[in-house]
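# Summary of structural features
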Amino acid sequence: MKFATDVVKVSVPATSANLGSGFDTAGLALDVRDELRFELLPSSDVEIEIHGEGETTLPRDERHLVIRSLRRALDEFGLPQAGVKLTAFNRIPQERGMGSSAEAIVAGVSAAAAFAGLGDEARDFIFDLSAHIEGHPDNVAPAVYGGMTVSWDFEPNREVPVSDAPTSKASGVLSPKGDEASFPGSPKPFKGGYHTVNYPVGERINAWVFVPDFKLSTEEARHALPTDVPRTDAIFNVSRVALLPAALGASHGRDVNAMLFSATADTLHQRYRSSLMPQSWELMTFLRANGYASAISGAGPCVLVLHDGDDSAALQNLLFEHWLSEGHWRMLHPAIDRQGVTYTAAE
Ligand SMILES: Nc1ncnc2c1ncn2[C@@H]1O[C@H](COP(=O)(O)OP(=O)(O)OP(=O)(O)O)[C@@H](O)[C@H]1O
Ligand SMILES: N[C@@H](CCO)C(=O)O
């Protein structure tokens, strides 16, 4: 395959994963965008220019996550590897729980799609490859599609308890191999791998992200999680995550803020990570004690608030004295992004 163009532009939104109860599953796109320009070079060099977030910390060579993801996707699209100049204008805070790594991966993969001359028809492929590179789909899905997403990893061998399933030819059960072809007849379940569903977000839903002046890598935060969780905690989160689409969709005339409050509650991950970010835990619990639907954003340490209506002034007043005035926290009030990644050929 040949390059369809020499220059492409990509814009990717920030994302907040988990939304409290939906660990590794729920995500929301926020209108804080990184803008990237990719230009093919006649040589095999990589040139990287970074403005904004990461300009003093990110590598400027083949180790850069955007470049690594671009390289992987060029192979997948059957395009040759080439020299490239990347110019990045980064606004998404990094290692804070706003989906910066998913952004970088989606940017590189989407750039390859645009170099291949592909448009919207490549979106599902971008999601699939990006989620495989990231290793979990909850940030990648809203970064690709916008809005609120619920994602899952369809693992055929876990969908049917294979060892217990009847083996008569009439029952049409999954083979231990567990691939797509082993579901005979109809209906057909999904193919193995990552999937996502986009849910509408009500026009009145507002999001705030409180960004601290310290970082926490997702890798470190994932190491803090236990292998097993109590059954009562699992039941608690199942009941709350099921509320999330209804609460964010907000078209049912019920008390949306009360539903958001329950929907963002969690017992599966946040408490286990609290010692890695005590300030975030303190802020999140203070907000909840004051009735706000609040959660750790992604793996932290940012804190997310969701609310029906614009409560900026009240939040500012509530948090000014102990948090915002000391300069350790910034308050962002991004719009909900409903577009997802954009990728186009450019001049
Ligand atoms: N714009 C970017 N360009 C290149 N690499 C990036 C960019 N943003 C993030 N990265 C890479 O991703 C790492 C941060 O990933 P990490 O998963 O720890 O945080 P996050 O994605 O911001 O948080 P979360 O996954 O909880 O939302 C950075 O250390 C860097 O290696
Ligand atoms: N679900 C992920 C989001 C961060 O990538 C976590 O909390 O570890």
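Coordinates for the structure precede this section.
Below: a short report on this structure. Here the structure is a predicted model, which means the values were calculated and not measured.

Now for the site of ligand 2. Every residue near ligand 2 is listed here: Ala17, Asn18, Phe23, Asp24, His136, Asp138, Asn139, Thr218, Arg222, Arg273, Gly298 and Ala299. Here Arg222 contributes a side-chain N or O atom positioned 2.6 Å from an oxygen atom of ligand 2. Arg273 is positioned such that a nitrogen or oxygen atom in its side chain is 2.8 Å from an oxygen atom of ligand 2. Protein chains shield 97% of the accessible area of ligand 2, which is 260 Å² for the free molecule. The site holding ligand 2 turns out to be the largest pocket.

Our focus in this paragraph is empty space enclosed by the protein. Enumeration over the complete set of coordinates arrives at 1 cavity of 30 Å³ or more. Taken as a whole, the largest cavity encloses approximately 40 Å³ of empty space. Taken together, Phe3, Leu40, Leu70, Arg71, Leu74, Ala82, Gly83, Val84 and Phe115 make up the full set of residues lining the largest cavity. Among the secondary structure elements, those contributing two or more residues to the lining of the largest cavity are α1 (65-77) and β4 (83-90). No other element matches the 3 residues that α1 contributes to the lining of the largest cavity.

Attention shifts here to the site of ligand 1. Near ligand 1 there are 21 residues, and of these Gly99, Ser100, Ser101, Thr218 and Ala299 occur at the shortest range. The side chain of Gln94 places a nitrogen or oxygen atom 3.5 Å from a nitrogen atom of ligand 1. Take Glu95: an N or O atom from its main chain is 3.0 Å from an oxygen atom of ligand 1. Taking 640 Å² as the accessible area of ligand 1 by itself, protein coverage stands at 86%. The pocket occupied by ligand 1, as judged from atoms lying within 2 Å of grid points, is the largest pocket. Elements with a minimum of two residues in the shell around ligand 1: α1 and α2 (100-115). Tallying contributions element by element places α2 first for the shell around ligand 1, with 4 residues. When grouped by side-chain class, the residues that make up the shell around ligand 1 number 6 nonpolar, 11 polar and 4 charged.

Taking 1.5 Å per residue as the helical rise, helix α3 (residues 123-134) with its 12 residues ought to reach 16 Å, and the 16 Å between its terminal C-alpha atoms agrees with that figure. For α3, the set of buried residues is Arg123, Ile126, Phe127, Leu129, Ser130, Ala131 and Glu134. On its buried face, α3 is in contact with α1, α2, α4 (140-145), β6 (193-199) and β11 (342-345).

A few words now on the packing of α1 against α3. The geometry of α1 relative to α3 is characterised by a closest axis approach of 11 Å and an angle of 130 degrees between their N-to-C directions. The angle between α1 and α3 falls in the class oblique. Two packed elements cross with a definite hand, and for α1 against α3 that hand is right-handed. Residues Ser69, Arg72, Ala73, Glu76 and Phe77 of α1 lie in contact with α3, whose contacting residues are Phe125, Leu129 and Ile133. Its residues assigned to classes, the contact of α1 with α3 shows 5 nonpolar, 1 polar and 2 charged.

What follows deals with the pattern of salt bridges. The tally for this structure, following the rule as stated, stands at 11 salt bridges. Asp31 is paired through a salt bridge with Arg33; the nearest N and O atoms lie 3.7 Å apart. By relative accessible area, Arg33 is classed as buried at 9%. Bridged by salt links that share partners, the residues Asp31, Arg33 and Asp337 form one connected network.

So, about the side chain of Thr15. Summarising the element assignment, Thr15 is placed in strand β1 (residues 7-17). In this structure Thr15 comes out as buried when scored by relative accessible area, which is 0%. At 2.9 Å, the side chain of Thr15 and the side chain of Asn139 are in polar contact. Not counting the four nearest positions on each side in its chain, Thr15 is found in contact with Leu28, Ala29, Gly97, Met98, Gly99, Asn139, Pro142 and Ala143.

Here we take up the layout of surface pockets. Looking at the largest pocket, its volume works out to about 780 Å³. Lining the largest pocket are 40 residues; nearest its centre among them are Leu65, Glu95, Ser100, Ser101 and Thr218. Elements that contribute at least two residues to the lining of the largest pocket include exactly β2 (26-41), α1, β4, α2 and α6 (218-223). A total of 5 residues in the lining of the largest pocket trace back to one element, the largest contributor, which is α2.

In total, this model carries 5 aromatic pairs according to the counting rule given. Consider the rings of Phe127 and Tyr145, whose centres lie 5.8 Å apart with planes at 55 degrees: the pair is tilted. Taken together, the residues span a long stretch of sequence, with Phe127 in helix α3 and Tyr145 in helix α4 at a distance of 18 residues. Over the face of the ring belonging to Phe236 we find Arg240, whose NZ or CZ atom lies 3.8 Å from the ring centre. Geometry around Phe261 places Arg288 over its ring, the cationic atom sitting 4.1 Å from the centre.

The rules behind these values
Residues numbered from 1 in each chain as written. Chains lettered and ligands numbered in written order. Predicted model: local features only at pLDDT ≥ 70, side-chain atom pairs only at ≥ 80, totals over all residues. Heavy atoms only, no water. Near = heavy atom within 4 Å. Polar contact = N/O pair within 3.5 Å; in protein donor to acceptor, adjacent residues only side chain to side chain. Areas by Shrake-Rupley, 256 points an atom, 1.4 Å probe, with all protein chains shown as cover. 1 Å grid on protein atoms, 1.4 Å probe; cavity = no way out; pocket = protein on both sides within 12 Å on 5 of 7 lines; lining within 4 Å. Sits in = over half its atoms within 2 Å of the grid points. Points joined across faces, edges and corners; volume = space filled by probe spheres on them. Helix = DSSP H or I, 4+ residues; strand = E, 2+ residues; numbered from the N terminus. Nonpolar A, V, L, I, M, F, W, Y, C, P; charged D, E, K, R; others polar. Expected span 1.5 Å × (residues − 1). Buried < 20%, exposed > 50% of the residue type's maximum accessible area, 1.4 Å probe, protein only. Contact = heavy atoms within 4.5 Å. Axes fitted to C-alpha atoms, helices over the stretch in contact; angles between N-to-C directions. Parallel < 35°, antiparallel > 145°, perpendicular 65-115°, else oblique. Left-handed = near helix turned anticlockwise from the far one by under 90°. Salt bridge = Lys/Arg side-chain N within 4 Å of Asp/Glu carboxyl O. Phe/Tyr/Trp six-rings, centres within 6.5 Å; stacked < 30°, edge-to-face > 60°. Lys NZ or Arg CZ within 6 Å of the ring centre and 35° of its normal.

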